[in-house]
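Here's the letter readout for the chains.
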Amino acid sequence: MELRQLGYFVAVAEELHFGRAADRLHIVQSAVSQQIRRLERELGAELFDRSPRRVRLTAAGERLLPKARAVLTAAERARAAVAPPEGLRLGTSTGLGTHLDRVLAAFAERAPGVPVELCSLPVGERLARVAAGRLDAAFVRGAEPPPGVRVLPLWPDPLVAAVPATHPLARAPEIDLVDLAALPLALTPRRNNPALVDLVVGACHAAGFEPVPGPANGSLQDTLATIGARPLWTVVFASHARVLRTPRVAYVPFRAPGLALSTGLAVPAADPTGHLESLLLACTDHES
């Protein structure tokens, strides 16, 4: 007697139709019929009363059904006991800074032994992978979710100004945006982060000036290295600035109300993964 045969038997017993059972099992009907016949020969009993109009369980089939279900359940539990733990695939970005460290620590406490695979990707790719089921969740800021994805709000992320450490503004406890009007702004191209670019450029316009375009480098690290060597400015999330070690760059808060983007967690709109609740609670633990 094989587990496969018991699985076929249970499918036919529940469908009471060999064709529907075959469709459910994604195999041809002849294979189902053949395995059921073999099982009946091994057991020495007819399990189904077959007629041209319908299929019914025999008395022997009725007695076998709960036992077969119990065996299949036990086999599944045995597989689960030795299978490696299912991991969490989480999309991230470089600007999460201390947020990410604290969320991961809280998640490890709530879901010990669950491996976490981090994927740092552009926001559009993060959302596309969540929609396609290739990521379980992803941190995003100010992004419009595609169909099949919803964004759960988490926390606001304030921005600070990154300026040369030798610039007079570097010594200020806080600054107004207009104080930076004379310095070129080194900002990523809008296609990489439309929410951030629109926020900063819009705020400059609201403050009464058009930002002077500065060099758009390929990474934040390159941008900060350039700022350390010449008079430029950019914005960095405060949570990220706390973990950056760049002695030639100073991070200065903006005077209230400041600049901020909200961070959210992009998740599938339906059929969320089993670790999502633990992840959301970890995000709550992090903010408490």
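Residues numbered from 1 in each chain as written. Predicted model: local features only at pLDDT ≥ 70, side-chain atom pairs only at ≥ 80, totals over all residues. Heavy atoms only, no water.

J.: Any chance you could explain the nonpolar core here in plain terms?
T.: In this structure, Val163, Leu177, Leu180, Val200, Trp233, Val235 and Phe254 are the most contacted members of the largest nonpolar core, which totals 26 residues. Contributions of two or more residues to this core are made by β6 (149-164), α7 (194-206), β9 (234-237) and β10 (249-253). For this core, the leading source of residues is α7, giving six residues. In this view, valine 200 contacts Leu185, Leu187, Trp233 and Val235; residues no more than four positions away in its chain are not counted. Of all hydrophobic cores here, the second largest spans 21 residues; its members include Leu6, Tyr8, Val10 and Leu64. (Core = buried A, V, L, I, M, F, W, Y, C linked by side-chain atoms within 4.5 Å. Buried < 20%, exposed > 50% of the residue type's maximum accessible area, 1.4 Å probe, protein only. Helix = DSSP H or I, 4+ residues; strand = E, 2+ residues; numbered from the N terminus. Contact = heavy atoms within 4.5 Å.)

J.: I keep staring at unusual backbone geometry and nothing clicks. Help me out?
T.: Backbone torsion omega between alanine 256 and proline 257 reads 10°, so that peptide bond is classified as cis. Relative to the helices and strands, proline 257 resides in the loop between β10 and β11 (260-268). Phi is positive for histidine 26, which is not a glycine, with a value near 60°. For histidine 26, the location among the structural elements is in the loop between α2 (18-25) and α3 (29-43). By relative accessible area, histidine 26 is classed as exposed at 72%.

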